[in-house]
Structure formats: structure tokens, C-alpha cells
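Reading the structure
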Amino acid sequence: MNTRADFSTHDTTRIDDLRIRAVRPLLTPALLEERLPATEAVEAVVERSRQAIADVLHGRDDRLVVVIGPCSIHDHDQAMEYARRLKVEADRLAQDLVIVMRVYFEKPRTTVGWKGYINDPHLDGSFAINEGLEMARRLLLDVLSLGLPVGTEFLDLLSPQFISDLVSWGAIGARTTESQSHRQLASGLSCPVGFKNGTDGGVKVAADALLAARAEHAFMGMTKMGQAAIFETRGNDDGHVILRGGKQPNYSAADVDAACAMLNAAGLREQVMVDVSHANSSKQHRRQIDVAADVAAQVAAGDARIVGVMIESHLHEGRQDIVPGQALQPGVSVTDACIGWEQSVPVLDGLAAAVRARRQGARA
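Worth saying up front: this structure is predicted, and the values here are computed from it rather than measured. (Residues numbered from 1 in each chain as written. Predicted model: local features only at pLDDT ≥ 70, side-chain atom pairs only at ≥ 80, totals over all residues. Heavy atoms only, no water.)

One pass over the structure, following the stated rule, counts 22 salt bridges. The partner of K196 in a salt bridge is D275, and the shortest N-O contact between them spans 2.8 Å. Remark: D275 occurs in strand β9 (residues 272-275) and K196 occurs in strand β5 (residues 193-196); sequence separation between them is 79 residues. Across the pair, exposure class does not vary: K196 and D275 are buried alike. Close ionic contact of R305 with D257 constitutes a salt bridge, the shortest N to O distance being 2.6 Å. With R305 in the loop between α10 (287-300) and β10 (306-312) and D257 in helix α9 (residues 253-265), this pair connects stretches of sequence that are 48 residues apart. For D257, a relative accessible area of 39% puts it in the partly exposed group. Several salt bridges share partner residues, and in doing so they unite D62, D96, R356 and R359 into one network. (Salt bridge = Lys/Arg side-chain N within 4 Å of Asp/Glu carboxyl O. Helix = DSSP H or I, 4+ residues; strand = E, 2+ residues; numbered from the N terminus. Buried < 20%, exposed > 50% of the residue type's maximum accessible area, 1.4 Å probe, protein only.)

Rendered as C-alpha cells:
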């Protein structure tokens, strides 16, 4: 029979943590929020924009939600320069578009690669995650201080506790839409959430995700104090599908019809957001302009089922690799290629004009 002493000295190293190289301390969400709190003005921006997006999703607002910005964030100052430019356009087009800045900190990789601003903020493999969390929250606060709402993808299951209070719209990516854990997470998030279709283009997984996310769930997670806990959610009815293409693009009128028919059959709202990048642009960043024009034409023709558009845009077009010892070009993406600012403004104008045409047609 084992004694208490036997248990206290039992060696488990043969079977536990065999592939863990190191374990480092993680700051708690509560400490980060205390260090970088949201002001009342910032909270007001988050509340107003979340409500505006929800109003679009529930048919109370006929504007178009446009989530636009860099594929990924890698530099604070460049992101703020983009945000200041976007705020001007957001104010100018506010009657027709609900503009949300894309501020993505986590990047899913097909195999390996740079995983984003939170995971590796210095882009050098140092994985200064505590710094990354602080830098990410600081950027969100700075963008929101301009009066501009932000949207991001929720990839890691713990990182939302550090930043989700500042997010107006969230996305669950094509690789994680089918994940039960991410569906449960979405059911408890305070913001509207878009689920992308699967990487193969299948929309059913996104429809299934919407059904799961609007239900109540109980799951394990981490509190803002850093304690393991069981979370019980109320469900999130502010969800929608994002068409991002797959084996072939799926932004055409026929694709929208097919997706909405599937949603209707599942008892869900017939509405989609179209991601004009990724497979819908065949990974050719300039094709985003043509895809956005096609979607705008559908909106102008009166299709109220299209509730939003996603665009990958940066200060300058294209992309670049992260090369050790080599300086990066300012304002150019280090992940997927983006259209430049000069190309982005006409796209926004075209989408706003489409909303006005749709509105006029509805009144006729």
C-alpha cells in the first residue's frame, strides 16, 4: 500500500510534459486591464458600434458593415496612421457604412510561420507574449480613442479575456469555425461574431456554428483573475456567416442565394458578409477591387441579404517577408497581400453608393 510519502516523491517525468521545453508566467487579464483601463469614452465607442452592427444584423439598420484594415498588425505607429486615415472615411461615409477597423493580432498558419503580434510582437522568435498582450491592448485603446471601432479574429481561447472588452466585432476563421471550443467561446462573447465558411468552401459548417453559438453552453476557461473556472453562457444571437471562398470563389449572386437558402432551411436569418479577399480573390490582392465591385452591384440591385464586406487593406499594397537583419518596408503587410490606401478609398465609395442605391430602390 502506498504511503503519503510515496505519493509526494513519486517521479512523473517519464510520462508528463515530455515535450515541454519551458513554462513561463503569464500576466492575468485583470492586471492588464488595471494597467491599461478603458475610459468611459472608449466604452461608449464599443457600446455604440456593437449596437450598430447588431442593428444591421437584425434588420433595424440598412447600412453595410465594412471590416477593413491590414491582414495583420505588426507595427503600432503604422496601424495608427492607417486608423487616422480610416476614421476620416468612417465619418464621411457614416450614413451608409458602419466601418470597423480590422485589427488582427493572431494569425492561423497552414503549417508554421509568424503567428502574430501577440505571440511574437518583436517578429524575431522571442515570443514575448506578455509584451504582445500589452502592446495589443494599448493599440486597441489608441484606435478606439479616435472614435473608431475595431474587429479581430479570436483564435486562441485565452486571449479574449485580455482584449475582448474592447472589440466591437469578432471573427471565427475558416480553420476554426468547425471547432466546438470556438463555437462555445462565441456563445459567450459580448460582441457580434462572424463565422467563415470552411476552407473547402462549405457553408454548412458556418451555419452549424451559428446554431451552436446562439445556444447556451458550459465549458472550462480562465477568469480575468487567472483562475481556472467553468463558464456558463447565455448564447449569442448576433452571429452571421462570412463567405470567403474555398476551392472556388463564392461571392456571386448565385452563391449568395445558395448560402441563404441553406441558412433559411436551418431556421437562421438569410444574411451574409462577403470577404473579398482570401479564396474569393484567388489570393490576388488587387482582385479584391473587382470582387468588391461585384458585391456592390448586388447591393445596389436591392439585395438586403448582404449585410457586410471584409477587405484586406494597408497603407501600401502588396506584402513582404520577415527576413532577420533586414528592415521592413513601412506600411506593407507581412502576411497576406493587401490593397493600398489609394485603392481602398474608391472601394469604400463604391460600397457606400451601392447602399444609397439599395435604399432608394426600397423606397421606390
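Here the narrative resumes.
A complete count under the given rule lists 1 cavity of 30 Å³ or more for this structure. Estimated volume of the largest cavity: approximately 30 Å³. What lines the largest cavity is simply P70, S72, I73, H74, D75, Q78, A79 and H314. Tallied by class, residues from the lining of the largest cavity come to 3 nonpolar, 4 polar and 1 charged. (1 Å grid on protein atoms, 1.4 Å probe; cavity = no way out; pocket = protein on both sides within 12 Å on 5 of 7 lines; lining within 4 Å. Points joined across faces, edges and corners; volume = space filled by probe spheres on them. Nonpolar A, V, L, I, M, F, W, Y, C, P; charged D, E, K, R; others polar.)

This brings us to the layout of surface pockets. Within this model, the largest pocket holds a volume of roughly 790 Å³. Lining the largest pocket are 23 residues; nearest its centre among them are R24, N119, F127, I129 and D156. Among the elements that line the lining of the largest pocket, the one with the most residues is helix α5 (residues 129-145), at 3 residues. When its residues are assigned to classes, the lining of the largest pocket shows 13 nonpolar, 3 polar and 7 charged. By volume, the second largest pocket is sized at about 430 Å³. Those elements that place two or more of their residues in the lining of the second largest pocket are α6 (160-163), α7 (180-188) and β6 (218-222). Of the residues contributing to the lining of the second largest pocket, the split by class is 9 nonpolar, 8 polar and 2 charged.

This part is about helix α4 (residues 76-92). For α4, spanning 17 residues, the distance from its first C-alpha to its last is 24 Å, which sits close to the expected 24 Å at 1.5 Å a residue. In this structure, the buried side of α4 is in contact with β1 (64-69), β2 (97-102), α5 and α11 (341-363). For α4, the N-terminal capping position is held by D75, with its side-chain oxygen 3.1 Å away from the main-chain nitrogen of D77. (Expected span 1.5 Å × (residues − 1). Contact = heavy atoms within 4.5 Å. Polar contact = N/O pair within 3.5 Å; in protein donor to acceptor, adjacent residues only side chain to side chain.)

The buried fraction of strand β8 (residues 239-243) amounts to 5 of the 5 residues, a majority that puts the element mostly inside the structure. Across the two faces of β8 the burial is the same, with G239, V241 and L243 and H240 and I242 all buried. Inspection of the sheet shows β5 paired to β8 by 4 bridges, in the parallel sense. Its bridge partner being in β8, F195 is matched across the sheet by V241. In this sheet, β9 lies alongside β8 in parallel orientation, the contact comprising 3 bridges. Bridging across to β9, I242 finds its partner in M273. The parallel pair β8 and β9, bridged by α9, forms a crossover whose chirality is right-handed. (Pairing = 2+ DSSP bridges. Right-handed = clockwise from strand over helix to strand, strands pointing away.)

The values reported here are purely geometric and, on their own, carry no functional implication.
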